[in-house]
Amino acid sequence: MGREETMASTGFVPARICWITYVLAAASVALCFTAPPCEDPWRVGLLAICVATCVVYVFSFAYSNTSIYDPAWCLLPIFVAAGWMLTAK
């Protein structure tokens, strides 16, 4: 711990790109919950987490830095949980 390896192919990611990534990930979760393709909330949550993961993956791939995905472990479940709470019947 405390030692991070940086490969030659690891790209620099500005902080604003990280913010944009997670704002778009949150927006994709919100879109999945506001226009759900099915009635089952578990499937909507699964779709939301998959779409948000794809958004983060695209930014991670575009900037050649997998560290963009690190905050997703704690942020994406919060986004989906908020979606479930706000759309509960």
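Thresholds applied
- Residues numbered from 1 in each chain as written.
- Predicted model: local features only at pLDDT ≥ 70, side-chain atom pairs only at ≥ 80, totals over all residues.
- Heavy atoms only, no water.
- Helix = DSSP H or I, 4+ residues; strand = E, 2+ residues; numbered from the N terminus.
- Buried < 20%, exposed > 50% of the residue type's maximum accessible area, 1.4 Å probe, protein only.
- Areas by Shrake-Rupley, 256 points an atom, 1.4 Å probe, with all protein chains shown as cover.
- Phe/Tyr/Trp six-rings, centres within 6.5 Å; stacked < 30°, edge-to-face > 60°.

1. Notes on the overall build of the chain
- For the chain, the helix and strand inventory stands at 3 helices and 0 strands.
- Seen in sequence order, the chain has helices and strands lined up from the N terminus as α-α-α.
- Put simply, the chain has 89 residues, and 27% of those count as buried.
- Of the roughly 6500 Å² of accessible surface on the chain, 71% is carried by carbon and sulfur atoms.

2. Concerning the packing of aromatic side chains
- Enumeration according to the criterion identifies 3 aromatic pairs in this entry.
- Judged by centre distance (6.1 Å) and plane angle (25 degrees), the ring pair of tyrosine 57 and phenylalanine 61 falls under stacked. With tyrosine 57 and phenylalanine 61 both in helix H2 (residues 41-62) and 4 residues apart, the pair spans about one turn of that helix.
- What makes tyrosine 57 exposed here is its relative accessible area of 53%.
- With relative accessibility at 62%, the residue phenylalanine 61 sits in the exposed group.
- Summarising the aromatic geometry, the rings of tyrosine 69 and tryptophan 73 are spaced 5.6 Å apart at their centres and angled 85 degrees between planes, so their arrangement reads as edge-to-face.
- Exposure remark for tyrosine 69: the relative accessible area of 25% places this residue in the partly exposed category.

3. Points about the environment of alanine 30
- Take alanine 30: it is sitting in helix H1 (residues 15-34).
- What makes alanine 30 partly exposed here is its relative accessible area of 39%.
- With 53 residues separating them along the chain, alanine 30 and glycine 83 place their C-alpha atoms 6.6 Å apart.

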